[in-house]
Amino acid sequence: MYSDKQLRQIATQFAISKDIINICPLGSGLINDTFKVETRDKNYVLQHINKTIFPDVDLLQQNIENVTEHIRNKLIESGEKNIDNKVLNFIKASKVSSDGRQLSYVKDENGEFWRLSHYIEGSVTHNLVNPTYSRFAGEAFGQFEAMLVDLKKPIGEVIPNFHNLSFRLAQLDAAIEADPVGRLKEVQDLVDLVNIYAEEMTVSERLYQKGLLPKRICHCDTKVNNVLFDKNGHVLCVIDLDTVMPSFIFSDFGDFLRTAANTVAEDDPHFEKIDFRMDIFKAFTEGYLKSARSFLLPIEIENLPYAARLFAFMQGVRFLADYINGDIYYKTSYPEHNKVRARNQMTLFLKASEKEKEMKQFISF
């Protein structure tokens, strides 16, 4: 969509060397378009920010700046070496904004937003989900949360109600009442299943309202490929910080397991093959508690099995609502795609529920 000339013009709006050698696509993200910018002295990552998903770009970048600055200071205090490889570093724009601030993003002539960060040389990501990398990921995300426990600067919700199940259930209720394309009768059994478990699965919101469960600064998009490793397999840092916001720690714990512990992809129609992988649960939990146990409350730890069930349930609710609404949110490849996704996730929820006792026994180690 953007020519090489346009990308160069955008990159040079940041405080970097103007001697750009090459710009090429980087990665295959679904939300933001990403490019590698090569100069004679350093390489950078240029990203087009998806303002449809993140309409408040100023809040988005302020969150990221506050988080990365805090982590950087923690690393300095601990005497960590090679800090630039262990926390993302965003470059300020060359010119100050109209209100006198030097921002970490720019707006192009089309009204689109961009940001630039240092490229971490020698870093790799892994898409493979196995116990080894699940343990590494658990430790990395637990450490990420641990370093942000004492963050004083404000962090806002870039996507309000992102992981709020009560809100998602209200969306489903509205879809059921409207039934705009006449699909409700096809999925009535799934609606009935949701209704059976809805009160049980909204326990986190009730605990929060009673003051028993805190919200913390969480990553909210915990995937193996959102962790950078060096060539020797050691964790460098957590990346893709767009969704960092206040949430229950269940967000980071449960969302990882929703995809990693499923024996099939989330849109696989072979529901009989779906199971919840306890080897992945145990590995991720070991890594997560190794770094997060120091700050977690007992109520958070004891509800980790609930979190492992919660996110399959919540995603099932979201897919189901979108199917009833006529596929207005998620991209689909065929007419029943969201129905398949919803049934897949609710099946995973039931499989995880069958192993809740085993999960509870494991977390008491």
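Just so we're clear, the structure is a prediction, and the values are computed from it rather than from any experiment.

*Asks:* Describe the nonpolar core, naming the residues involved and giving the relevant values.
*Replies:* The biggest cluster of nonpolar side chains holds 103 residues, and the ones touching the most others in it are Val 67, Phe 253, Leu 257, Phe 276, Phe 281 and Leu 320. When neighbours within four sequence positions are excluded, Leu 320 is seen to be in contact with Leu 172, Val 187, Leu 190, Val 191, Val 194 and Ala 342. Ranked by size, the runner-up nonpolar core spans 17 residues in total, among them Tyr 2, Phe 35, Val 37 and Val 106.

*Asks:* Run through the pairing of strand 2 (residues 33–39), naming residues and quoting values.
*Replies:* Counted residue by residue, strand 2 has five buried out of seven residues, so it is predominantly covered. Judged from the five bridges that link them, strand 1 (residues 20–25) and strand 2 form a sheet pairing that is antiparallel. Bridge pairing links Cys 24 to Lys 36 in strand 2. For strand 2 and strand 3 (residues 43–49), the ladder comprises six bridges, and the chain directions are antiparallel. By the bridge assignment for strand 3, Thr 34 is matched with Gln 47.

*Asks:* Pulling in residues and values, what's your account of the pattern of salt bridges?
*Replies:* Any two side chains of opposite charge can pair, so long as their charged atoms come close to each other. Per the stated rule, a full pass over the model turns up 27 salt bridges. Put simply, Glu 139 and Lys 290 hold a salt bridge, and the shortest N to O gap is 3.6 Å. Of the two residues, Glu 139 sits in helix 3 (residues 131–147) while Lys 290 sits in helix 8 (residues 278–292), which places them 151 residues apart along the sequence. Judged by its relative accessible area of 64%, Lys 290 is exposed. Lys 360 serves as the salt-bridge partner of Glu 356, at 3.9 Å between the closest nitrogen and oxygen. With Glu 356 and Lys 360 both in helix 12 (residues 356–363) and four residues apart, the pair spans about one turn of that helix. On the basis of relative accessible area, Lys 360 is assigned to the partly exposed category, the value being 44%. Put simply, Glu 200, Arg 309, Glu 356 and Lys 360 are held in one network by salt bridges that share partners.

*Asks:* Would you mind going over the sheet that holds strand 3 in detail, with residue names and values included?
*Replies:* The five strands are arranged 1-2-3-5-4 in an open sheet whose pairing can be described as antiparallel. Each edge of the open sheet is held by one strand with a lone partner, namely strand 1 and strand 4 (106–107). Sheet topology note: the strand 3/strand 5 (residues 113–118) ladder contains six bridges and is antiparallel. When the sheet's bridge partners are listed, Gln 47 is paired in strand 5 with Arg 115.

*Asks:* So what about the packing of helix 3 against helix 8? Which residues, and what values?
*Replies:* Where helix 3 meets helix 8, the closest approach of the two axes is 7 Å, and the angle between their N-to-C directions is 30°. Taken together, helix 3 and helix 8 sit at an angle that is classed as roughly parallel. Handedness of the crossing formed by helix 3 with helix 8: right-handed. Residues Pro 131, Ser 134, Arg 135, Ala 137, Gly 138, Glu 139, Gly 142, Gln 143, Glu 145 and Ala 146 of helix 3 form the contact with helix 8, whose participating residues are Asp 279, Ile 280, Ala 283, Phe 284, Glu 286, Gly 287, Tyr 288, Lys 290, Ser 291 and Ala 292. In the contact of helix 3 with helix 8, the residues fall into eight nonpolar, six polar and six charged.

*Asks:* An account of helix 4 (residues 165–178) is requested, with residue identities and associated values reported.
*Replies:* The terminal C-alpha atoms of helix 4 lie 20 Å apart, and with 14 residues this matches the ideal 20 Å at 1.5 Å per residue to within 8%. Every buried residue belonging to helix 4 is among Leu 165, Arg 168, Leu 169, Leu 172 and Ala 175, and all of these are buried. Along helix 4, the residues classed as buried sweep out an arc of 115° about the axis, all on the same side. Looking at helix 4, the residues exposed on the side facing more than 90 degrees away from the buried face are Glu 177 and Ala 178. Elements in contact with the buried residues of helix 4: helix 5 (188–201), helix 6 (203–209) and helix 10 (304–325).

Thresholds applied
- The written sequence of each chain sets the order in which its residues are numbered from 1.
- Thresholds applied to this predicted model are a pLDDT of at least 70 for local features of residues and 80 or more for the giving and counting of side-chain atom pairs; totals over whole chains, interfaces and linings are not thresholded and use all residues.
- Calculated side-chain values reflect all of the structure's heavy atoms, with hydrogen atoms and water omitted.
- What we call a nonpolar core is a set of buried Ala, Val, Leu, Ile, Met, Phe, Trp, Tyr and Cys residues that are connected through their side-chain atoms within 4.5 Å.
- For every residue, the accessible area obtained with a 1.4 Å probe (protein chains only) is divided by the maximum for its type, and the residue is called buried under 20%, exposed over 50%, and partly exposed between those limits.
- Throughout, a residue-residue contact means that at least one pair of heavy atoms, one from each residue, lies within 4.5 Å.
- Secondary structure elements are defined from DSSP: runs of H or I of at least 4 residues count as helices, runs of E of at least 2 residues count as strands, and each element is numbered from the N terminus.
- Pairing between strands requires that DSSP locate at least two bridges from one strand to the other.
- Any carboxyl oxygen of Asp or Glu within 4 Å of a side-chain nitrogen of Lys or Arg constitutes a salt bridge here.
- Between the N-to-C directions of two axes lies an angle of 0 to 180 degrees, each axis being a line fitted to C-alpha atoms and, for a helix, fitted only over the stretch in contact.
- Roughly parallel means an angle under 35 degrees; roughly antiparallel means over 145; roughly perpendicular covers 65 to 115; every other angle is labelled oblique.
- By convention the crossing between two helices is left-handed if the near helix lies anticlockwise of the far one by an angle smaller than a right angle, and right-handed if it lies clockwise.
- Note on residue categories: nonpolar means Ala, Val, Leu, Ile, Met, Phe, Trp, Tyr, Cys or Pro, charged means Asp, Glu, Lys or Arg, and polar means any other residue, Gly included.
- How far a helix is expected to stretch is found by multiplying one less than its residue total by 1.5 Å.
- What the arc measures is the spread of directions leading from the helix axis to the C-beta atoms.

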